[in-house]
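Observations on the three-dimensional arrangement
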Amino acid sequence: DFDVVLIDRRQYFEYTPGVLRLLVSPGAFKSLIAPLRNWARKAKVVQASVARIEEDRMVVEGIEGTDDAGRTWEIPFDYAVVGCGSTYPT
């Protein structure tokens, strides 16, 4: 038995390369985002930022605009999968 905790700064997944499609098809917006709670139904979704990863826990910080803004807490784990994401120049 296991529990999955998904930590992300946003409440949704955004398919960034598809944003260019909006220039020619503005109605495509809904197909470019997916709320995390919709596709990660069995996971606990935490909207926060990971401050650091220690041997057996992640230290997370609540982000602005959430009930946990400014609060820091720990999420213990046995195994961690880290996806760092990417940024694009604007």
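Quick note: structure is the one above.
Notes on the structure in this doc start here.

Procedures and definitions
- Every chain's residues receive numbers from 1 upward, in the order its sequence appears when written.
- Since the coordinates come from a predicted model, pLDDT governs what is reported: local features require at least 70, and pairs of side-chain atoms require 80 or more to be given and counted, while whole-chain, interface and lining totals use all residues.
- No hydrogens and no water enter the side-chain calculation; it runs on all heavy atoms of the structure.
- Helix and strand definitions follow DSSP, with helices as H or I runs of at least four residues and strands as E runs of at least two, each counted in order from the N terminus.
- The reference for a compact globule is 2.2 Å times residues^0.38; the radius of gyration itself is calculated from the C-alpha atoms.
- Three labels apply to residues, based on accessible area from a 1.4 Å probe with only protein chains included: buried if under 20% of the type maximum, exposed if over 50%, partly exposed otherwise in between.
- Contact definition: two residues touch when any of their heavy atoms are within 4.5 Å.
- Calculation of accessible area relied on Shrake-Rupley with a 1.4 Å probe; when residues are assessed, cover is drawn exclusively from the protein chains displayed.
- Salt-bridge detection follows one rule: a side-chain nitrogen of Lys or Arg within 4 Å of a carboxyl oxygen of Asp or Glu.

**Considerations on the overall build of the chain**
Helices and strands together make up the secondary structure of the chain, namely two helices and six strands. Along the chain direction, N to C, the helices and strands of the chain fall in the order β-β-α-β-α-β-β-β. Its C-alpha atoms give the chain a radius of gyration of 15 Å, more than 25% over the compact-globule value 12 Å for 90 residues. A total of 90 residues make up the chain; the buried ones form 21% of that total. Relative to all contacts within the chain whose residues are 6 or more apart in sequence, the contacts with residues 24 or more apart total 37%. Carbon and sulfur atoms make up 52% of the accessible area of the chain, which totals about 7600 Å².

**Focus: the pattern of salt bridges**
As enumerated under the stated definition, the model contains six salt bridges in all. Two residues, Arg 57 and Glu 54, come together in a salt bridge whose shortest N-O distance is 2.9 Å. Since its relative accessible area comes to 27%, Arg 57 is described here as partly exposed. Relative accessible area serves as the criterion here: at 24%, Glu 54 is assigned to the partly exposed category. Across the pair Arg 57 and Asp 56 runs a salt bridge, and its minimum N-O distance is 2.7 Å. Linked by salt bridges that have partners in common, Arg 52, Glu 54, Asp 56, Arg 57 and Glu 74 make up one network.

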